[in-house]
Amino acid sequence: MKLPIGVRSRASRRARVFFGSVLSLGVVVAGPVGCGDPLEADDQVRVASLVFPANYVFDFDKDIREDLVFHHGGTGQTSILYGETDTIWNEWLPLPSSLDLPDSSGWTAARVADFDLDHKPDLLWHNGVTGETQVWFMNNRTRLGFTMLTASNPVPDINRTDSTGWKLAGAADFNNDGVPDILWHHGGSGATEIWHMNVLNRPRRFRRIDAVAVPSIMNVPDSSGWRLVGNHDFNLDGRLDLVWHHTASGMISVWFMSDTTFLGSGQVNRTLPPGQAEVVSTDPSDDGPRPHILWHNLQDGLYYRWVMGGTNSLTVQSAVILVRQSSTGPTPVEVRVTDPNLHVIGN
């Protein structure tokens, strides 16, 4: 089924859907919808929803700005750092304390995605002790409900504990059906697997349809030094690609994918500080469909944002340090995190 094309205007920073496309939810859009400045070729973004920009899934307060989610493994507190402009963040507000979930409970904050397709970001959690996976359906900082991940048919490996070697590595729509899927990586064997998911809204349930492995010739074990750190459509072909980071060398490599089929690879033209940095997110930038790479310097605690461009989006076109509005004056302050228990929840 053909998905609509949403066109983001840099002036209005909103998305539009046009030409009466039929959505995967069975809704027919009579276009054109919206108005604004003339279209630009690189403003086109493939979406599976009505009038939302590429980064809407990270926009908790619906102001068309990307927000960041932090989780503290020690206290269990989850907080949202709200975006103010393209390069400045604003308030840092916690979820209600009743939702605190420390790592000692077995649950860890895994990913952010719109799991029930209501155009609001939700939170995915994984329990490394029991192997259970849970979705929190959110409305900004309010939890509307939650559900455990299930399977359409009984399967023995629906609950993957840490002891199995599998790690939840991402949540995004790999097969273009509009529903986020779950990405897994096995550190020992190097296997990568995608669980294709479905969502049922009455009651809300998040269900596995099937599990498809990337061909074993592409296995990348942790012993190689490479870590699977993110996913985004780098070559703008409408399919999500996989992002790998080599901690020791600082290199970042991208696998161009079509669901679980490997199409080729490329390397980002800059490297991170060897052994001193971690990639925390590879999400759409506020400047359009091209991705950005958000990384954390473990030495100084600062977060750096690379906006990508060039062929297959492998060239760093701009780099900024994350800053937020200061509560004591007009000058923004750097977002600096040196607490090893505080992490960004990415895609």
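First, a word on what this report is: a plain description of the structure on this page. Since the structure is predicted, the reported quantities are computational estimates derived from the model, not experimental observations.

On to the overall build of the protein chain. Helix and strand counts for the protein chain stand at zero helices and 24 strands. Expressed as a percentage of its 347 residues, the buried residues of the protein chain come to 53%. For the protein chain, the proportion of contacts with a sequence separation of at least 24, taken over those separated by at least 6, is 45%. In the structure as shown, the protein chain presents an accessible area of about 14800 Å², 52% of it carried by carbon and sulfur atoms.

Within the structure shown, the criterion is met by four salt bridges. Between Arg336 and Glu334 there is a salt bridge whose closest N-O contact spans 2.6 Å.

Applying the stated criterion to the full structure yields nine aromatic pairs. The interplanar angle of 90° and the centroid separation of 5.8 Å between the aromatic rings of Phe70 and Tyr303 together place this pair among those described as edge-to-face. Here Phe70, found in strand 3 (residues 68-72), pairs with Tyr303, found in strand 20 (residues 303-309); they are 233 residues apart in sequence, far enough to count as distant. Here Phe70 matches Tyr303 in class, with each residue buried. Seen from their ring centres, Trp295 and Tyr304 are 4.6 Å apart, and the 15° between their planes marks the pair as stacked. By relative accessible area, Tyr304 is classed as buried at 17%. Aromatic ring contacts, followed pair by pair, group Phe70, Trp92 and Tyr303 into a single cluster. Above the ring of Trp184, the side-chain terminus of Arg160 is found at 5.3 Å from the ring centroid.

A few words now on the side chain of Asn127. Inspection of the secondary structure assignment puts Asn127 in strand 7 (residues 122-127). Since its relative accessible area comes to 4%, Asn127 is described here as buried. Engagement of the side chain of Asn127 in a polar contact is seen with the backbone nitrogen of Thr130, the distance being 3.1 Å. In this structure Asn127 touches Ser105, Gly106, Trp107, Glu132 and Arg160, once residues within four positions along its chain are discounted.

A separate point is the nonpolar core. If you look at the biggest cluster of nonpolar residues, it comprises 20 residues, and the most contacted ones within it are Phe115, Leu124, Leu149, Ile182, Trp195, Met197 and Phe206. Residue assignment for this core shows that the elements contributing at least two residues are strand 6 (107-113), strand 8 (133-139), strand 10 (166-172), strand 11 (181-186) and strand 12 (192-201). Beyond its immediate stretch of four places on either side in the chain, Leu149 contacts Thr133, Ile158, Ile182, Trp195, Met197 and Phe206. If you look at the next biggest cluster of nonpolar residues, it comprises 18 residues, including Val229, Val243, Phe256 and Ile293.

If you walk across this open sheet you meet the four strands as 14-15-16-17, and the pairing is antiparallel. Edge strands, defined here as strands with exactly one partner in the open sheet, are strand 14 (226-232) and strand 17 (261-267). In this sheet, neighbouring strand axes are inclined to one another by 25° on average, regardless of whether the strands run parallel or antiparallel. Relative to strand 15 (residues 241-246), strand 14 runs antiparallel, the two sharing six bridges. Across the sheet, Leu228 pairs through a bridge with Trp244, a residue of strand 15.

Rules used throughout
Residues numbered from 1 in each chain as written. Predicted model: local features only at pLDDT ≥ 70, side-chain atom pairs only at ≥ 80, totals over all residues. Heavy atoms only, no water. Helix = DSSP H or I, 4+ residues; strand = E, 2+ residues; numbered from the N terminus. Buried < 20%, exposed > 50% of the residue type's maximum accessible area, 1.4 Å probe, protein only. Contact = heavy atoms within 4.5 Å. Areas by Shrake-Rupley, 256 points an atom, 1.4 Å probe, with all protein chains shown as cover. Salt bridge = Lys/Arg side-chain N within 4 Å of Asp/Glu carboxyl O. Phe/Tyr/Trp six-rings, centres within 6.5 Å; stacked < 30°, edge-to-face > 60°. Lys NZ or Arg CZ within 6 Å of the ring centre and 35° of its normal. Polar contact = N/O pair within 3.5 Å; in protein donor to acceptor, adjacent residues only side chain to side chain. Core = buried A, V, L, I, M, F, W, Y, C linked by side-chain atoms within 4.5 Å. Pairing = 2+ DSSP bridges. Axes fitted to C-alpha atoms, helices over the stretch in contact; angles between N-to-C directions.

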